[in-house]
Amino acid sequence: CAMSREVEVSLRVPNMKVRVLDENGYPIDHANVRFRKMIQVPSIPKPDETLELTTRSGRPMQARVVRADWHESRELFVLSCQYAERSITAEEYGALAEDPEWELKPLI
């Protein structure tokens, strides 16, 4: 039977019309940050495949896989994904932002 493996999702979300502010009161540019979370997948998805991602709110989100990169130092795949819709609602954004399993990190 196929073993599932742990991967990190690096999710890019679109900027909203009203930008979310960081802890210093500056608007966050989502071109420069990603939501990250560890998930289990049955196999490494191919580019353009759709992943269903979950948050504590219980509503699944669709994300398109852009690429999968092996990180030797961490011994895991990082899946670069893009939020599947053109825009993200405040409710969906809040579901990501308020979920402790999803971490908002700047691109390095």
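Before reading on, note that the structure itself is shown above.
Residues numbered from 1 in each chain as written. Predicted model: local features only at pLDDT ≥ 70, side-chain atom pairs only at ≥ 80, totals over all residues. Heavy atoms only, no water.

Caption draft 1: Main features of the layout of surface pockets. A volume near 390 Å³ is recorded for the largest pocket. Lining the largest pocket are 18 residues, and of these Ser10, Arg36, Val78, Ser80 and Leu107 lie nearest its centre. Within the lining of the largest pocket, the residues separate by chemical class into six nonpolar, four polar and eight charged. (1 Å grid on protein atoms, 1.4 Å probe; cavity = no way out; pocket = protein on both sides within 12 Å on 5 of 7 lines; lining within 4 Å. Points joined across faces, edges and corners; volume = space filled by probe spheres on them. Nonpolar A, V, L, I, M, F, W, Y, C, P; charged D, E, K, R; others polar.)

Caption draft 2: Here's a closer look at the pattern of salt bridges. Under the counting rule described, the total for this entry stands at nine salt bridges. Two residues, Asp48 and Arg64, come together in a salt bridge whose shortest N-O distance is 2.7 Å. Of the two residues, Asp48 sits in the loop between strand S2 (33–41) and strand S3 (50–53) while Arg64 sits in strand S4 (residues 61–71), which places them 16 residues apart along the sequence. The class of Arg64 is partly exposed, set by a relative accessible area of 34%. For Glu92, the salt bridge goes to Arg59, with nearest N and O atoms at 3.3 Å. With Glu92 in helix H1 (residues 90–97) and Arg59 in the loop between S3 and S4, this pair connects stretches of sequence that are 33 residues apart. What makes Glu92 buried here is its relative accessible area of 14%. Residue class for Arg59 comes out partly exposed when judged on its relative accessible area of 39%. Ionic contacts of the salt-bridge type, sharing partners, join the residues Glu8, Arg36 and Arg74 into one network. (Salt bridge = Lys/Arg side-chain N within 4 Å of Asp/Glu carboxyl O. Helix = DSSP H or I, 4+ residues; strand = E, 2+ residues; numbered from the N terminus. Buried < 20%, exposed > 50% of the residue type's maximum accessible area, 1.4 Å probe, protein only.)

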